[in-house]
Amino acid sequence: MKMGAKKRILKIPKRVSIKCPFCSKSNRLEVIEDQLINSFECKNKSCKQLIKTPITQCCIICAFSKTKCPYNLKVQAKAKGLELR
Ligand SMILES: [Zn+2]
Ligand SMILES: [Zn+2]
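Residues numbered from 1 in each chain as written. Chains lettered and ligands numbered in written order. Predicted model: local features only at pLDDT ≥ 70, side-chain atom pairs only at ≥ 80, totals over all residues. Heavy atoms only, no water.

Chemist: Mind showing me how you'd approach a nonpolar patch on the surface here?
Modeler: Together, Leu36, Tyr71 and Val75 make up a nonpolar patch on the protein surface, roughly 310 Å² of accessible area in all. Relative to the helices and strands, Leu36 resides in the loop between strand S3 (26-30) and strand S4 (39-41). For Leu36, a relative accessible area of 44% puts it in the partly exposed group. (Patch = residues over 30% accessible without salt bridge, like charges linked within 9 Å, V, L, I, M, F, W, Y side chains within 5 Å. Areas by Shrake-Rupley, 256 points an atom, 1.4 Å probe, with all protein chains shown as cover. Salt bridge = Lys/Arg side-chain N within 4 Å of Asp/Glu carboxyl O. Helix = DSSP H or I, 4+ residues; strand = E, 2+ residues; numbered from the N terminus. Buried < 20%, exposed > 50% of the residue type's maximum accessible area, 1.4 Å probe, protein only.)

Structural data, given as structure tokens:
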């Protein structure tokens, strides 16, 4: 390792914001490690749609939030040599 090289850290978020594809409302979602979430009911009272993971995506978090699920973050951290916390 080079001198002075900073160890980069990747954090797994505790909560993510899921953007509903039906009403565009942001929903808070607790992140549970080792669990892929594939369906989620929108909390907007005038929407209440069941959001499901598109076939081409890994899970609700990967598809509808700005971040990735813990599983994909781990893959990313491994590939880039980041420390995961
Ligand atoms: Zn909605
Ligand atoms: Zn995912």
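Chemist: Teacher, can you tell me more about the coordination of the zinc ion (ligand 2) here?
Modeler: In an ideal tetrahedron of four donors about a metal, each angle is 109.5 degrees. In an ideal octahedron of six donors, the angles are 90 or 180 degrees. The protein atoms that coordinate the zinc ion (ligand 2) are Cys58 (SG), Cys59 (SG), Cys62 (SG) and Cys69 (SG), at distances of 2.3 Å. Here the zinc ion (ligand 2) binds 4 donor atoms, and the angle range of 103 to 114° at the metal identifies the geometry as tetrahedral. Donor residues for the zinc ion (ligand 2), ordered by position in the chain, follow C-C-x2-C-x6-C. Taken together, the positions of Cys58 in the loop between strand S5 (50-52) and helix H1 (60-64) and Cys69 in the loop between H1 and helix H2 (70-80) put the pair 11 residues apart, joining distant regions of the chain. (Donors = N, O, S within 2.8 Å, 3.2 Å for Na, K, Ca; no water. Tetrahedral: all angles 85-135°; square planar, octahedral: opposite > 155°, others 65-115°.)

Chemist: In this structure, what is going on with the environment of Lys68? I would like to understand it.
Modeler: When you line up the elements, Lys68 lands in the loop between H1 and H2. You can call Lys68 partly exposed: its relative accessible area is 34%. With 56 residues separating them along the chain, Lys68 and Ile12 place their C-alpha atoms 8.9 Å apart. Beyond its immediate sequence surroundings of up to four residues, Lys68 is in contact with Ile61, Cys62, Leu73 and Gln76. (Contact = heavy atoms within 4.5 Å.)

Chemist: How should I be thinking about the side chain of Thr53 in this particular structure?
Modeler: Looking at where Thr53 falls in the secondary structure, it is placed in the loop between S5 and H1. At 3.0 Å, the side chain of Thr53 and the side chain of Asn38 are in polar contact. Polar side-chain contacts of Thr53 include one of 3.3 Å to the backbone nitrogen of Ile60. With residues near it in sequence (within four places) discarded, Thr53 still touches Ile37, Asn38, Cys58, Cys59 and Ile60. (Polar contact = N/O pair within 3.5 Å; in protein donor to acceptor, adjacent residues only side chain to side chain.)

Chemist: Sorry if this is basic, but what is going on with the nonpolar core here?
Modeler: When a protein is soluble and globular, its nonpolar side chains tend to lie buried together. Of all hydrophobic cores here, the largest spans 21 residues; its most connected members are Val16, Ile18, Leu29, Phe40, Ile51, Ile60 and Ile61. Mapped by element, the contributors of at least two residues to this core are strand S2 (15-19), H1 and H2. Per-element accounting of this core gives the leading share, 4 residues, to H1. Ignoring anything within four residues of it in the chain, the contact list for Ile18 reads Lys25, Ser26, Asn27, Leu29, Phe40, Ile60, Ile61, Phe64 and Ser65. (Core = buried A, V, L, I, M, F, W, Y, C linked by side-chain atoms within 4.5 Å.)

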